[in-house]
Amino acid sequence: AEEAILAQAKLEMINDKDPTASDKALSLVPYLLPLLDGLQFGRFLLENNTGNPFVAILATLFLLYRSIPFSGFIAFLALNFLSSNFGINRLIRYNMQQAIYVDIALFVPGLIAGIYTLILSGLGVQAPVIVEQLGNDIIFVTLLAVIAYCVGSSALGITPDKLPFISDRVNGRMPTIDMFDEEGKLMPRFNNEDKNKEDDDDEKKD
């Protein structure tokens, strides 16, 4: 009984309780960051659907987002700062971290596209429009699929921790109950790893 009470206290300390309806709703908001930053890849698809109400809403949000100086940087810092606040439910904090990593991942295809264009320009060759369009469409559809998975899972109160590579990084940054020491103090993960390594070394010596 004492162990159960202690485990519950640890869960409450890191706010790893079941999310409420408002928690689930708020956990969806962080994914606006990668969505808005990824709209550049969806321009070919969106231009052909200007009459779609969803596209109109996205366009309005994008204009508001871009009208604020350093909006992306501010959003990045805000999510990173708030994700360390234990007063916020774990699902929301998890999605804040994951949204940051998804947003960072968008830098990779942009960099590859830039290098590809630079090489072709150096060779005096212009990239075919169809290649650029297809590449952008694939990236944007993939981004929408990722966000749809994260939003769908979060709306059900399920942590969206199945994204390859990205979720592993997020899991490594999220506090868990196994990060408490014997005195009940929350220890950084690397401290626990060092302690476990020292214990293993001591066991080998014995």
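Going by the structure above, here's the rest.
Thresholds, definitions, all that
Residues numbered from 1 in each chain as written. Predicted model: local features only at pLDDT ≥ 70, side-chain atom pairs only at ≥ 80, totals over all residues. Heavy atoms only, no water. Axes fitted to C-alpha atoms, helices over the stretch in contact; angles between N-to-C directions. Helix = DSSP H or I, 4+ residues; strand = E, 2+ residues; numbered from the N terminus. Parallel < 35°, antiparallel > 145°, perpendicular 65-115°, else oblique. Left-handed = near helix turned anticlockwise from the far one by under 90°. Contact = heavy atoms within 4.5 Å. Nonpolar A, V, L, I, M, F, W, Y, C, P; charged D, E, K, R; others polar. Polar contact = N/O pair within 3.5 Å; in protein donor to acceptor, adjacent residues only side chain to side chain. Salt bridge = Lys/Arg side-chain N within 4 Å of Asp/Glu carboxyl O. Buried < 20%, exposed > 50% of the residue type's maximum accessible area, 1.4 Å probe, protein only.

Colleague: Residues and numbers for the packing of helix H7 (residues 90–105) against helix H10 (residues 166–173), please.
Modeller: Running from N to C, H7 and H10 point in directions that differ by 140°, and their axes come no closer than 9 Å. It follows that H7 is oblique to H10 by the angle criterion. Like other packed secondary-structure pairs, H7 and H10 cross with a definite hand, here right-handed. Where H7 approaches H10, its residues Tyr94, Gln97, Gln98, Tyr101, Val102 and Ala105 are matched on the opposing element by Ile166, Ser167, Arg169, Val170, Asn171 and Arg173. Grouping the constituent residues of the contact of H7 with H10 by class yields 6 nonpolar, 4 polar and 2 charged.

Colleague: Lay out the environment of Glu132 in plain terms, naming residues and giving numbers.
Modeller: Of note, Glu132 is situated in helix H9 (residues 129–155). Considering only alpha carbons, one finds Glu132 and Phe44, 88 residues apart in sequence, at a separation of 9.5 Å. In terms of polar contacts, Glu132 uses its side chain to reach the side chain of Arg43, at 2.7 Å.

Colleague: Could you give me a rundown of the pattern of salt bridges, with the residues and numbers involved?
Modeller: Applying the stated rule across the entire model yields 3 salt bridges. Here Arg66 makes a salt bridge to Asp37, at a shortest N to O gap of 3.9 Å. Here Arg66, found in helix H5 (residues 53–67), pairs with Asp37, found in helix H3 (residues 32–37); they are 29 residues apart in sequence, far enough to count as distant. Exposure remark for Asp37: the relative accessible area of 14% places this residue in the buried category.

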